[in-house]
Amino acid sequence: MGGKFLIRTFGCQMNEYDSQRMADALAASDGLERTDRPEEADVIVFNTCSVREKAQEKVFADLGRIHHLKRANPALVVAVGGCVASQEGAAIVARAPYVDVVFGPQTLHRLPELIQRRRRSGEAQIDISFPEIEKFDHLPAPRVAGVSAFVSIMEGCSKYCSFCVVPYTRGPEVSRFFEDVVVEVADLASQGVREVTLLGQNVNAWRGEIDGAPADFAALLAYVAEIEGIERVRYTTSHPREFTQRLIDAHRDLPQLAAHVHLPVQSGSDRMLAAMKRGYTALEYRSIARRLRAARPGISLSSDFIVGFPGESEADFEATLALVREVGFDDSFSFVYSPRPGTPAAELADTLPHEAKRARLQRLQAAIEAQAGAIRAAKVGRVERVLVERPSKKNPEELSGRTSSNHVVNFRGDAQLIGCFVEVRIDAARAHTLRGILENDDGLVRAA
Ligand code: SAM
Ligand code: F3S
C-alpha cells in the first residue's frame, strides 16, 4: 500500500521496545516507511505512558498539536497505543474525536489490521484486550539496528504495588517460551548484535521449561550467555522480591553478565514499603545489595525511588537517604509520588504539600548525584572494556559506547570501531558521562 508512518514514544524502555515492534509490523504488513516529519505521515502513532499524571497529560497536549494535520488531511490515521490507551479506551476518542485507532500494549500486533478496519468502515477502532494468544507469534522477527538490542522475555506485572497502574494497563505476568527467546537472541547475534538486554517489568519473575524441566530466570541467563556472538547480557527491570541467591550466583559465574543491576527500591522505610505493598523490607534489600557486591566486586547498582508517598514522614524520608548512603547507587530515577486513578494508594489521604515533596526530591537527587559523581571520578585512570555503539551525539568525530557498568564513555576513534569491544583508558569524569583515550594506538585493534 505504501505511505509513511511516524511513531511518537513516551515513557519506559518497554515502550521503546514496543514502538520498534509496531514499526516492524507496519513495515511488514503495509509496506509503510518510517518518517520523523508529522506533515508527511499517513499514519501517526502515539505510544503512551500513564505511570505518572504528567506523562499522561502530555499525551493529550501532543495529540492536540497534530489536530490541524488531520483537519488538512482527513485520510491521515491517528492511532493511540500504550498504557494511556489501555486505561482510557473509548474515553480517548470521546476526548479527542479525531483519533481513529486505540490499541493496548498486548494488541499492538493487530495495529495494521485495526488501521485497515478503520479505513474500510470509517469508524474508530478500539482494541485494548489482553488476548490469550502469544502476541509475539504474530509479530515479524525484530529488525536489527545497531550492536545492542532489546529482547522482551516477559510481559505485564502481577505485583500490584499500591501506587502503580502497570498491572492494570499491561495485564498479568506472562513469560515468553524459552525456545522463542533463545531463537530470537541467536537470530540477532547472527545479524551482528553483540549485547542483548532482556526486557520485562520483572524479568526475574520469568518462569519456563528447559528440556522438560521447570526453569527460572537464572537458568535462562546461563543459556542466553552461551549463545555464540553474544558477549554481553543485561536485563531490566528486576524486582527485589524474586532476587534469588541463584540469580546472585549468576553474577559470579557468568562473565558475560554486565556488572550492573537496576533494582528499584522505592523507599528505605519499612513502613512505606509495606504501604506500597512492595513485599520486602529495607534490610532484605540491603542484603541483596551486599551479596551482589560479594558475588561481583565493583558491580554498579541503580534504582527507582518515590518520594512523598501518602503518609511519608521526615523519618521515613531520612531512612531512604540512609539507604542511599549505605548502598552507594550509581545513577537512579526518582519521582514525586503521583496518585493514579484506580490504584489503591489513590484512596489514601495525601497531606504533604507539593513544595515539601519537591524539596525531598531535590535532597534525594543531590545525595544520589554526589555519590554517582564520586563513583564516576573513581574510574579516572582505569581501563574499561567498552562496546562502541555510535558516533557521539555532541561531537561526530568522537565515538560513544558503554562500559560493563553501564557508564557512557566518549572518546576519539575511527567509525570502523562501531560494533567492536575496545579498551579505553578513562581520563575524565563529566556530569553524566566519562571521557577516555583508546588503549590501542592504531585505533583498530579489537580488544579480546
Ligand atoms: N517493574 C519496576 C519495579 O520493579 O518497580 C517498575 C516499573 S514502573 C513503570 C517504573 C517506575 O516508575 C517505578 O519503579 C516507580 O519508581 C515509578 N512509579 C510508578 N508508579 C508511580 C507513581 N504512581 N508515582 C510516581 N512514580 C511512580
Ligand atoms: Fe509497577 Fe510494582 Fe509491577 S512498580 S510494574 S506494580 S512491580
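Overview of the structure. Each residue is numbered by its place in its chain's sequence as written, counting from 1. Think of it this way: whatever chain is written first is A, whatever ligand is written first is 1, and the rest follow in order. Only residues with pLDDT of at least 70 are given local features in this predicted model, and only at 80 or more are side-chain atom pairs given and counted; all residues enter the totals for whole chains, interfaces and linings. Side-chain calculation: all heavy atoms of the structure are included, whereas hydrogens and water are not.

## What to know about the packing of helix α9 (residues 245-253) against helix α11 (residues 282-295)
The line we're drawing: Here an angle of 0 to 180 degrees is reported between the N-to-C directions of two axes, which are lines fitted to C-alpha atoms, with helices fitted over the stretch in contact. Secondary structure elements are taken from DSSP: a helix is a run of H or I of four residues or more, a strand is a run of E of two residues or more, and numbering for both begins at the N terminus. Should an angle fall under 35 degrees it is taken as roughly parallel, and over 145 as roughly antiparallel, whereas 65 to 115 is taken as roughly perpendicular and any remaining angle as oblique. Left-handed is the label given to a crossing in which the near helix is rotated counterclockwise from the far helix by less than a right angle, and right-handed is the label when the rotation is clockwise. The contact criterion used is simple: two residues touch if any of their non-hydrogen atoms lie within 4.5 Å.
In the contact formed by α9 and α11, the axes pass within 8 Å of each other and the chain directions differ by 30 degrees. When the axis of α9 is compared with that of α11, the two are roughly parallel. The handedness of the crossing between α9 and α11 comes out as right-handed. Side by side, α9 and α11 meet where Q245, I248, H251 and R252 of the first sit next to I288, R291, L292 and A295 of the second.

## A closer look at the packing of α11 against helix α12 (residues 314-327)
To keep it simple, the criterion reads: Nonpolar residues are Ala, Val, Leu, Ile, Met, Phe, Trp, Tyr, Cys and Pro. Charged residues are Asp, Glu, Lys and Arg, and all others, Gly as well, are polar.
For the pair α11 and α12, the least separation of the axes is 11 Å and the interaxial angle reads 10 degrees. With respect to each other, α11 and α12 are oriented roughly parallel. Counting all contacts with α11, which are made through A282, Y285, R286, A289 and R293, the residues of α12 involved are A322, L323, E326 and V327. A per-class count over the contact of α11 with α12 returns six nonpolar, no polar and three charged.

## A short note on the pairing of strand β21 (residues 434-438)
The condition that has to hold: Exposed residues in this analysis have more than 50% of their type's maximum accessible area, buried residues have under 20%, and partly exposed residues fall in between, with area computed by a 1.4 Å probe over protein chains only. Strand pairing is assigned whenever DSSP identifies at least 2 bridges connecting the two strands.
Taken across its five residues, β21 has four buried, putting it largely inside the fold. Relative to β21, strand β19 (residues 408-412) runs parallel, the two being bridged by three bridges. Directly across from N410, in β21, lies its bridge partner R435. By the bridge criterion, five bridges tie strand β20 (residues 421-429) to β21 in an arrangement that is antiparallel. The partner of R425 across the bridge, within β21, is I437. Between β20 and the antiparallel strand that follows it, β21, lie four residues.

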